[in-house]
Number of protein chains: 2
Amino acid sequence: MMNYTTLLKEYDLKVTPQRVAIVEELYMNGHMNIDDLYKKLLSKFPSISLATIYKNVNAMIEKVFLNEVKIPNAKSVYELVKEEHSHLVCSSCGKIEDIELDTSSLLKEAISSKNYTIKETSVVFTGICPDCSK
Amino acid sequence: MMNYTTLLKEYDLKVTPQRVAIVEELYMNGHMNIDDLYKKLLSKFPSISLATIYKNVNAMIEKVFLNEVKIPNAKSVYELVKEEHSHLVCSSCGKIEDIELDTSSLLKEAISSKNYTIKETSVVFTGICPDCSK
DNA sequence: CTGACTGCAAACGTTTTGCACGGTA
DNA sequence: TACCGTGCAAAACGTTTGCAGTCAG
């Protein structure tokens, strides 16, 4: 059981019903794009505005509470920030799954090849999920 | 030495000076976003339109001749399709480098964890390049 | 009570479309 | 010559901004 109110406060975000709902949806669904969020919240707040969604998502990103995930050939999705992980996208149904992978050897390989100071690693696999390949 | 005309024909794209210039720029620079391309081509074709850039980039993507690379916190860039590779992005100067990495073990790990049929692997590192870290 | 958030409408930047003209094959 | 590409202008989209009213702290 998750306390969304406390979570918001920890990130210095004022608690409003709209924000609680956004966090709740993301917590339940893992990843959603702006439109998914808007449609979902519309049923709870019939007069909510897209601007509110954008403002809140941006505020949450600013506080490093939310994270934007860019996906090849699809809209960006947003997720609650947590431990680093990779993503698996089904190009047929659009489903997105988290996957924990050990990317350390890849990182080492990259560092030894070019000498960048690497701060972030983004790995996204695209394919067909078990359900869709039936 | 690269023959851009032949290259375009191989991908069933009618050869026009504008298209040749787009391919030439991408061949020279590796990756460019729409605006980079537009500015570069403006000097060669003072009356070229952004619409032409968009139409051509989209046509080339359609023919799987160009590839869009989505980058965290930055505009998408386009590159000529070639062997699979990863990308290294400098968050300070925006430079993007190709890097050849062995992603096969990562892929195996992903397949054994979830049983997707994986078609594409996208790896993007973000960091600071040697020049910027001086 | 004060400042921040909401919802609306307008503004903005980016991408797409329709059309007349010109160029490629 | 027939069709496709170009450039222009307008339209369509997605996102941001300004503002008046409301709510959280």
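Please read these numbers as outputs of a predicted model, since none were measured by experiment.

(A) Quick peek at the UniProt feature "binding site: Zn(2+)" (unreviewed entry) in chain A. Taken from the UniProt record, the annotation "binding site: Zn(2+)" (unreviewed entry) applies to Cys90, Cys93, Cys129 and Cys132 of chain A. A maximum C-alpha distance of 8.2 Å among these annotated residues, which run over 43 residues, shows that they cluster at one spot. For cysteine 90 of chain A, the location among the structural elements is in strand S3 (residues 86-90). Using a relative accessible area of 1% as the deciding quantity, one classes cysteine 90 of chain A as buried. In this view, cysteine 90 of chain A contacts Lys95, Gly127, Ile128, Cys129 and Cys132 of chain A together with Tyr116 of chain B; residues no more than four positions away in its chain are not counted.

(B) The arrangement of the protein's contact with DNA strand D in detail. Surveying the vicinity of DNA strand D reveals 17 residues, the closest of which are Tyr54 of chain A together with Thr16, Gln18, Arg19 and Lys55 of chain B. Of all atoms in DNA strand D that approach within 4 Å of the protein, 81% are sugar or phosphate atoms. In this structure, threonine 52 of chain B approaches DNA strand D through a side-chain N or O atom, which is 3.1 Å from a phosphate oxygen. Listing elements by their share of the surface near DNA strand D, those giving two or more residues are helix H4 (50-62) of chain A together with helix H2 (17-29) and helix H4 (50-62) of chain B.

(C) Representation of the interface of chain B and chain A in the model. Contact with chain B, which involves 39 residues of that partner, is made by 39 residues of chain A. Between chain B and chain A, a total of about 3,300 Å² is buried, with carbon and sulfur atoms accounting for 59% of that surface. The interface formed by chain B and chain A includes two salt bridges. With a shortest N-O distance of 3.1 Å, glutamate 97 of chain A and lysine 114 of chain B are connected by a salt bridge. Counting across the interface, chain B meets chain A through 22 residue pairs in polar contact (both at pLDDT 80 or more). Contributions of two or more residues to the side of chain B that touches chain A are made by strand S3 (86-90), strand S4 (96-99), helix H5 (104-113) and strand S5 (117-128) of chain B. At twelve residues, S5 of chain B tops the list of elements feeding residues into the side of chain B that touches chain A. Its residues assigned to classes, the side of chain B that touches chain A comprises 19 nonpolar, ten polar and ten charged. As paired strands, strand S5 (residues 117-128) of chain A and S5 of chain B are joined by eleven bridges and run antiparallel to one another. For valine 123 of chain A, the partnering residue across the bridge sits in S5 of chain B and is valine 123 of chain B.

Calculation notes
- Residues numbered from 1 in each chain as written.
- Chains lettered and ligands numbered in written order.
- Predicted model: local features only at pLDDT ≥ 70, side-chain atom pairs only at ≥ 80, totals over all residues.
- Heavy atoms only, no water.
- UniProt positions renumbered as here; feature names shortened; annotations may be inferred.
- Helix = DSSP H or I, 4+ residues; strand = E, 2+ residues; numbered from the N terminus.
- Buried < 20%, exposed > 50% of the residue type's maximum accessible area, 1.4 Å probe, protein only.
- Contact = heavy atoms within 4.5 Å.
- Near = heavy atom within 4 Å.
- Polar contact = N/O pair within 3.5 Å; in protein donor to acceptor, adjacent residues only side chain to side chain.
- Buried area = accessible area lost by both parts, 1.4 Å probe.
- Salt bridge = Lys/Arg side-chain N within 4 Å of Asp/Glu carboxyl O.
- Nonpolar A, V, L, I, M, F, W, Y, C, P; charged D, E, K, R; others polar.
- Pairing = 2+ DSSP bridges.

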